[in-house]
Amino acid sequence: MSKASELPTPYGIGSSYGSGNQNSLYRRIQARDTGRKLWTSIASYRILQQLRILLAFLIPIYLTLSYFNLKYTSIKICIILFVILFIMLIPSFFAIIFAQMSARDRLQLKTTDDKKSINSIPGTERILNTLRERRVLETTRLLTALVGAILLYFISSFQTDVILGSLIIGSSIVLGLLCLLLSISLDSGEIPMRDNQFPLLSLHAPTIHHSALERVITEILVAHLDPETATYFEEWIKSLEKKVRRHTNPDEAVEYLLRILHLNSLNLLDKERMFREIKRVFKVSAVDSLKSDAKFNLESLQILLQHTKSWQPSFFRVIDRLVGDVQRGHSSIIEDKWRMDLEIPPVASEGQTDVIAMVHNFSGKRQTIEIEIISAEGEPASQVIRLPSPSSKRLKSAVALGIEGEDIVNALTEKLDSCVTLWIGLAWPNTVSGSRPVQINLHLATGETLLSTVLHTSISAGAHAESAGYKMIDAAASVRKLALSFAE
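Residues numbered from 1 in each chain as written. Predicted model: local features only at pLDDT ≥ 70, side-chain atom pairs only at ≥ 80, totals over all residues. Heavy atoms only, no water.

Draft legend 1. A nonpolar patch on the surface, seen in detail. Together, I47, L51, L54, F57, L58, I61 and L65 give the surface a local cluster of nonpolar side chains, amounting to about 620 Å² of exposed area. Among the structural elements, L65 can be located in helix α2 (residues 46-67). (Patch = residues over 30% accessible without salt bridge, like charges linked within 9 Å, V, L, I, M, F, W, Y side chains within 5 Å. Areas by Shrake-Rupley, 256 points an atom, 1.4 Å probe, with all protein chains shown as cover. Salt bridge = Lys/Arg side-chain N within 4 Å of Asp/Glu carboxyl O. Helix = DSSP H or I, 4+ residues; strand = E, 2+ residues; numbered from the N terminus.)

Okay, here's the thing in structure tokens:
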């Protein structure tokens, strides 16, 4: 029998190769986060942002009046205004510098399981590009104030003829206007990486995701997390292996927790009932951790859930309709053999949108179904998704909260565990505009058509409220509002 190899395996399981570099990277991130937090907190003062815009607005006006040699105007005052503006722009400039360095280092960290770099996860390039573009704009804005002051100092210190003086003042006015436009654009929105708990979250836009969702809320939440937060979230789920009850596993427990938090946000569960439901799947140690200041606790999970809702309201409208149908005892839950609920945003911004489909099988037996999606002039024009549909329990009547033997929590859990949920992306070419139909057909494997529905969406070539950029702003604002409410 051959002896085991004694050759070193620096990349093998259990190896500590590279741990020193990883620790030094953590220390560097902490050092740069210190600078990021300092400069971001200074630059985030609303009064300072408004003063920057106001000063950038006044400088071109005052320069124009000085050009015509009006009374009480002076080039030296214009220089002072430019210098003050330059000083006021320094905090936002350093904030983006430290934010970019911190993000680059964070995305170079490695995961704990297979030691792959977080930078290899889709979505990192968009985050770095966003920060890079912001840094270019902040640098340009800072230089406009500096160059404007230098040009005016040249006039005040040296004799210039009328033509050269007019050109220099005209150039300073243009620089002032450019600084104004940049200030309106940069100071009207959120400063990147302002949140200290999930600093990269507001910069992330979902890229790839599963079409068929099994752990419904968990999978759609993870798809909207930035690579760093998603990595830590998956590691947190694995760490719950010994903290859940015997009848469940960490994935199922987290999915159940997110459903409970969503019902709580709908005011269907009070705090006492919420903790009672959490204790059904988590042990006491895990419940205590959810109440603590750990990275993933009840407050942070609610923030992440709110972030996902802001990005994907269509998905949660489908869940909320399911909750409403269960509460009212809708015929689709009590009488029909099949239920198919669909949602599509009213506007396909930049020619892209998503279709959310949720199918319930009340036929009493597990069957294979085909969901056909036909989009007029879209890409793809037609697609068929074939997958098994588990049998779901048909309700006998409406279900309210706290009813013995049946409860809306149990009913919703059963309906989400036994449904087929699809998240399908659609796109249209730039040549297409206006309202377009999208037809969704539900077939059995035998070819029998069970249900057919036509939805409409309006194709918009430009940015809209449904576009990624606007959703990023709305998500950041809603998350910050919720975080402030927790802090109070």
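Draft legend 2. Representation of unusual backbone geometry within the structure. E379 connects to P380 through a cis peptide bond whose omega is 0°. By the secondary structure assignment, P380 is in the loop between β5 (367-375) and β6 (382-389). For E377, which is not glycine, the phi dihedral falls at a positive 65°. With respect to the secondary-structure elements, E377 resides in the loop between β5 and β6.

Draft legend 3. Region of the structure containing the confidence of the model for the protein chain. Residues with a pLDDT of 70 or more make up 87% of the protein chain, whose mean pLDDT is 85. For the protein chain, helix α15 (residues 468-487) is the element with the lowest average pLDDT, namely 65, and strand β2 (residues 338-343) is the one with the highest, namely 94. (pLDDT = per-residue confidence, 0-100.)

Draft legend 4. Focus on the sheet that holds strand β3 (residues 347-349). The strand order across the open sheet built from five strands is β3-β9-β8-β5-β6, with neighbouring strands paired in mixed fashion. Because the sheet does not close on itself, it has two edges, and the strands there are β3 and β6. Ignoring which end each strand starts from, the neighbouring axes of this sheet average 30° apart. In terms of strand pairing, β5 meets strand β8 (residues 434-444) through seven bridges, oriented antiparallel. Counted as the bridge partner of S375 is V438 from β8. (Pairing = 2+ DSSP bridges. Axes fitted to C-alpha atoms, helices over the stretch in contact; angles between N-to-C directions.)

Draft legend 5. Quick peek at the side chain of Q367. Checked against the element boundaries, Q367 lands in strand β5. Of the residues examined, Q367 reaches a relative accessible area of 16% and is grouped as buried. In contact with Q367, not counting residues within four places along its chain, are W338, N361, L387, P388, S389 and L444. (Buried < 20%, exposed > 50% of the residue type's maximum accessible area, 1.4 Å probe, protein only. Contact = heavy atoms within 4.5 Å.)

Draft legend 6. The arrangement of the packing of aromatic side chains in detail. A full pass over the atoms with the stated rule returns seven aromatic pairs. Seen in terms of ring centroids, W39 and F94 are 5.0 Å apart; in terms of plane orientation they differ by 25°. Their pairing is stacked. Of this pair, W39 sits in helix α1 (residues 19-43) while F94 sits in helix α3 (residues 75-106); the two residues are 55 residues apart in sequence, bridging distant segments of the chain. Residue classification places W39 among the partly exposed positions, given a relative accessible area of 23%. Seen from their ring centres, F198 and F296 are 6.0 Å apart, and the 35° between their planes marks the pair as tilted. (Phe/Tyr/Trp six-rings, centres within 6.5 Å; stacked < 30°, edge-to-face > 60°.)

Draft legend 7. Looking closely at the nonpolar core. Formed by 59 residues in total, the largest nonpolar core has its most connected members in F233, W236, L257, I278, F282 and F315. The biggest single contributor to this core is helix α8 (residues 250-265), with eight residues. Apart from the residues within four sequence positions on either side, F282 is in contact with L240, K243, V244, R245, A253, V254, L257, V287 and L290. Judged by nonpolar contacts, the second largest core, of 41 residues, contains L25, L48, I96 and L180. (Core = buried A, V, L, I, M, F, W, Y, C linked by side-chain atoms within 4.5 Å.)

Draft legend 8. Representation of the pairing of β6 within the structure. Bridging between β5 and β6 involves eight bridges; their strand directions are antiparallel. If you follow I369 over to β6, its bridge partner there is L387. Between β5 and β6, which follow one another and run antiparallel, lie six residues, and E377 among them has a positive phi close to 65°.

Draft legend 9. Local environment of the pairing of β8. Bridge analysis of β8 against strand β9 (residues 449-460) gives 10 bridges, and the strand direction is antiparallel. When the sheet's bridge partners are listed, G434 is paired in β9 with I459. Linking β8 back to β9 in an antiparallel pair, the connection comprises four residues, with G447 at a positive phi of about 100°.

Draft legend 10. Quick peek at empty space enclosed by the protein. Evaluation of the coordinates by the stated rule reveals two cavities of 30 Å³ or more. In this structure, the largest cavity occupies an estimated 50 Å³ of space. Counting only elements with at least two residues in the lining of the largest cavity, the list comes to α3 and α4 (124-157). Examining the composition of the lining of the largest cavity, we find that four residues originate from one element, α3, more than from any other. Split into classes, the residues belonging to the lining of the largest cavity amount to five nonpolar, one polar and two charged. (1 Å grid on protein atoms, 1.4 Å probe; cavity = no way out; pocket = protein on both sides within 12 Å on 5 of 7 lines; lining within 4 Å. Points joined across faces, edges and corners; volume = space filled by probe spheres on them. Nonpolar A, V, L, I, M, F, W, Y, C, P; charged D, E, K, R; others polar.)

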